[in-house]
Amino acid sequence: MSQPRMSQSLSHPALSAADPELAALVGAEEQLQADTLRLIPSENYVSAAVLEATGTVLQNKYSEGYAGRRYYEGQQNIDQVETLAVERAKAVFGVEHANVQPYSGSPANLAAYLAFAEPGDTVLGMALPMGGHLTHGWGVSATGTWFRGVQYGVRPESALIDFDEVRDLARKERPKIIFCGGTAVPRTIDFAAFGEIAREVDAVLVADIAHIAGLIAGGAHPSPVPHADVISTTTHKTLRGPRGAMLMSRASHAKAVDKAVFPGLQGGPHNHTTAAIAVALREAAAPSFRDYAHAVVANAKALAEALLARGYDLVSGGTDNHLVLIDLTSKEVPGKVAAKALDRAGIVVNYNTVPFDPRKPFDPSGIRIGTPSLTSRGLGTDRMPLVAEWIDRGVQAAAKGDEDALTVIRGEVAELMAAYPAPGLPTA
Ligand SMILES: *Cc1c(COP(=O)(O)O)cnc(C)c1O
């Protein structure tokens, strides 16, 4: 491991003086994010500009309402900040309406329920163990207890969404809302197919693009815009903005969406976050972001190929996007054991269920990896065979309980990552 970074007091002088204990933790996290290979597909590195925006005095403001119709005075600048974010969202995604106030992806989805369904109504979403999100009507989520969640999955033979099942369930159950999109879906979402089914049964189609928003913005995944009534997204995953969310829609749904977010569900918007969303959207509109989005996918495909060549089973056989789901069953290493070993090797992943997983969700068969973060650091497809080699060596070391091998990998990882400085992190 490299030496602890000495610049922490330089990076955060006020924090270091006022609260050295907390400043040390921030410094340690900076070090960790610098030294490790971060493969969690929902994570990224935001730019220094996005980070700075989140740390501004916009944080000090209350501004319940929307630009031009607030419940507080003193909104001369805040109104312009929010309007910038809204206009940029509309331009980047080509939508008629955008609400940038949801605190995060889960509340954004809850606002969609509030806007378009009553408690007890039926909603159709992808089952969590098949790759869907908790908030798509899964039982342990409020969305699955306050609403009647009906769940679709993937085909056992291909791990692709079973549209016959989606259509049959939609016809039989007549859901008010259909959710598409997920957290562990390595393949292109066919928004047109979902749109056709939703129209047939008169359901509101919510495309939850939390994971792939950056790919859509960069033209590396088809857009849901012509097909979905509402688009929900986080801003902190591939879109590479601050932790936050947006709801976008046709103009005809604008009122319902806005009313649901405020006053339906939330109080004052987080204006510092709104500002950082605006910055991220400006970055996403630049030509270089198209390159980024395509590089994320190229890296994921190259990584998938290198893993296949090493005998790994990948759910659906590969990837179309930023995400690869590895089924470790044939390697005889449980997902959690592998994930924890890889963490000790400086490779950060999460354990994950695979479709039809015979193991339990807290001890599943797979690990989920993705390329948004390493691509933000500038690693290209030429490095993916090495990444696959490290994962392979880490999994083998996990199987044998070989801690020394994990320590060796950790050193190699830190050495390579030092050559790819991460955006937003202080340089040593
Ligand atoms: C991440 C994610 C969410 C939730 O976002 P949070 O900000 O963690 O609440 C919702 N839907 C999908 C598909 C996601 O991947």
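The rules behind the values
- Residues numbered from 1 in each chain as written.
- Predicted model: local features only at pLDDT ≥ 70, side-chain atom pairs only at ≥ 80, totals over all residues.
- Heavy atoms only, no water.
- Pairing = 2+ DSSP bridges.
- Helix = DSSP H or I, 4+ residues; strand = E, 2+ residues; numbered from the N terminus.
- Axes fitted to C-alpha atoms, helices over the stretch in contact; angles between N-to-C directions.
- Buried < 20%, exposed > 50% of the residue type's maximum accessible area, 1.4 Å probe, protein only.
- Near = heavy atom within 4 Å.
- Polar contact = N/O pair within 3.5 Å; in protein donor to acceptor, adjacent residues only side chain to side chain.
- Areas by Shrake-Rupley, 256 points an atom, 1.4 Å probe, with all protein chains shown as cover.
- Nonpolar A, V, L, I, M, F, W, Y, C, P; charged D, E, K, R; others polar.

Caption draft 1: Broad picture of the sheet that holds strand 10 (residues 245–249). Strand order in the open sheet formed by 7 strands is 4-10-9-8-7-5-6, and the pairing between neighbours is mixed. The sheet is open, and its two borders are formed by strand 4 (97–99) and strand 6 (148–152), each paired with just one other strand. For this sheet, the mean inter-axis angle between neighbouring strands, taken without regard to orientation, is 20°. Pairing of strand 9 (residues 230–234) with strand 10 involves 5 bridges; the strand directions are antiparallel. Following the sheet pairing, Ile231 is matched in strand 10 by Met248.

Caption draft 2: How the structure looks around unusual backbone geometry. A cis amide bond, omega 10°, links Phe262 with the succeeding residue Pro263. Its identity as a non-glycine residue notwithstanding, Arg240 has a phi of 65°, on the positive side. Summarising the element assignment, Arg240 is placed in the loop between strand 9 and strand 10. Since its relative accessible area comes to 18%, Arg240 is described here as buried.

Caption draft 3: Region of interest: the site of the ligand. Inspection of the region around the ligand gives 13 residues, with Ser104, Ser106, Asp208, His211 and Lys237 positioned closest. With respect to the ligand, the side chain of Ser104 contributes an N or O atom lying 2.4 Å from an oxygen atom. Out of a free accessible area of 380 Å², the ligand has 87% covered by protein chains. Considered class by class, the residues forming the shell around the ligand number 1 nonpolar, 10 polar and 2 charged.

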